[in-house]
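Descriptive structure summary
What follows is each chain in one-letter form.
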Amino acid sequence: AQRVTQPEKLLSVFKGAPVELKCNYSYSGSPELFWYVQYSRQRLQLLLRHISRESIKGFTADLNKGETSFHLKKPFAQEEDSAMYYCALSGGNTPLVFGKGTRLSVIA
Amino acid sequence: KAGVTQTPRYLIKTRGQQVTLSCSPISGHRSVSWYQQTPGQGLQFLFEYFSETQRNKGNFPGRFSGRQFSNSRSEMNVSTLELGDSALYLCASRQLQTNEKLFFGSGTQLSVL
């Protein structure tokens, strides 16, 4: 069974401080991992996916198969990063399964 | 291109009633997924349709059903509403049923009184 765990419901950091949003997963096959973000009064949207190995808005995430983790990181948080972040997993033709989300609050 | 459109935006129903929610995917997208979003449980997968066929189903009771039409528009129906069905129902579309990114609608906020 697929499972995504985001251990923190809320993460508060100061502007300019590093950010790490944790995501652990459980899946027996080869997963594809995603981070989705929902800004205030906006739709849920894709932030990045592990297969692309890209940096979006300064965020990066590395898939660690040994630790079954896909943590989201940014070296210097900005106020506009405040949002709800969801880690999600898909395995082949299985549906996208989401974690319960972490609310990031960046304090000025 | 217009985004994923969900109607209505808000619904208020009473226990025991039934409700139908509608979703129009992005033009050219053939896959439509439905999710239930609540503060406590986050996003929970309901079902996915591709070319009018249900391809995946989540762990929800049979009161939750859906369908997809030939133009890829989708509807979901909840019968015999319960208080616990109050949630934001999100629809998402993508071109194919692969690991492409999902495009989400704004959702339908359902309140069951």
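Remember, predicted model here, so these are calculated numbers, not experimental data.

**What to know about the state of the cysteines**
Under the counting rule described, the total for this entry stands at 2 disulfides over all chains. Disulfide pairing is shown between C23 of chain A and C87 of chain A; the S-S distance is 2.0 Å. Between C23 of chain A and C87 of chain A the sulfur-sulfur dihedral comes to about -65 degrees; the bridge is accordingly left-handed. Residue C23 of chain A is found in the loop between β3 (19-21) and β4 (24-26), and its partner C87 of chain A is found in strand β9 (residues 83-90); the two are separated by 64 residues along the sequence. The two residues C23 of chain A and C87 of chain A agree in class, both being buried. Between the sulfur atoms of C23 of chain B and its disulfide mate C91 of chain B the distance is 1.8 Å. Negative torsions about the S-S bond denote left-handed disulfides, and the value of about -60 degrees found for C23 of chain B with C91 of chain B makes this one left-handed.

**Focus on the interface of chain A and chain B**
Of the residues lining the interface, 18 residues belong to chain A; the matching set on chain B comes to 18 residues. Considering only the side of chain A, the residues that lose the most area to chain B are R43, P95 and K100 of chain A, jointly responsible for 32% of the buried surface there. Our count for the contact surface shared by chain A and chain B stands at 0 salt bridges. If you look at where chain A meets chain B, you find 7 residue pairs in polar contact (both at pLDDT 80 or more). Secondary structure elements with two or more residues in the side of chain A that touches chain B: β5 (32-38), β6 (45-49) and β9 of chain A. For the side of chain A that touches chain B, the class distribution of residues is 8 nonpolar, 6 polar and 4 charged.

Reading guide: rules and limits
The residue count restarts for each chain, going from 1 along the sequence in the order it is written. A letter from A marks each chain and a number from 1 marks each ligand, given out in the order of writing. Only residues with pLDDT of 70 or above have their local features reported here, since the model is predicted, and side-chain atom pairs are shown and tallied only from 80 upward, although totals for entire chains, interfaces and linings are computed over all residues. Here the side-chain values reflect all heavy atoms present in the structure, with hydrogen atoms and water set aside. Here, the term disulfide refers to a pair of cysteine sulfur atoms separated by no more than 2.5 Å. By the criteria applied, helices consist of DSSP H or I runs no shorter than four residues and strands consist of E runs no shorter than two, each listed in order from the N terminus. Exposure is judged per residue with a 1.4 Å probe applied to protein chains only, and the accessible area is read against the type maximum: over 50% gives exposed, under 20% gives buried, and values in between give partly exposed. What makes two residues a contact is simply this: any of their non-hydrogen atoms within 4.5 Å. What gets called buried area is simply the loss in accessible area from a 1.4 Å probe that two parts show on being joined, summed for both. Here, a salt bridge means any side-chain nitrogen of Lys or Arg that lies within 4 Å of a carboxyl oxygen of Asp or Glu. Under this definition, polar contacts are N or O atom pairs within 3.5 Å; protein pairs additionally need one hydrogen-donor-capable and one acceptor-capable atom, and for neighbouring residues in sequence, both atoms have to be side-chain atoms. All amino acids are sorted into three groups, where Ala, Val, Leu, Ile, Met, Phe, Trp, Tyr, Cys and Pro are nonpolar, Asp, Glu, Lys and Arg are charged, and the leftover types, Gly among them, are polar.

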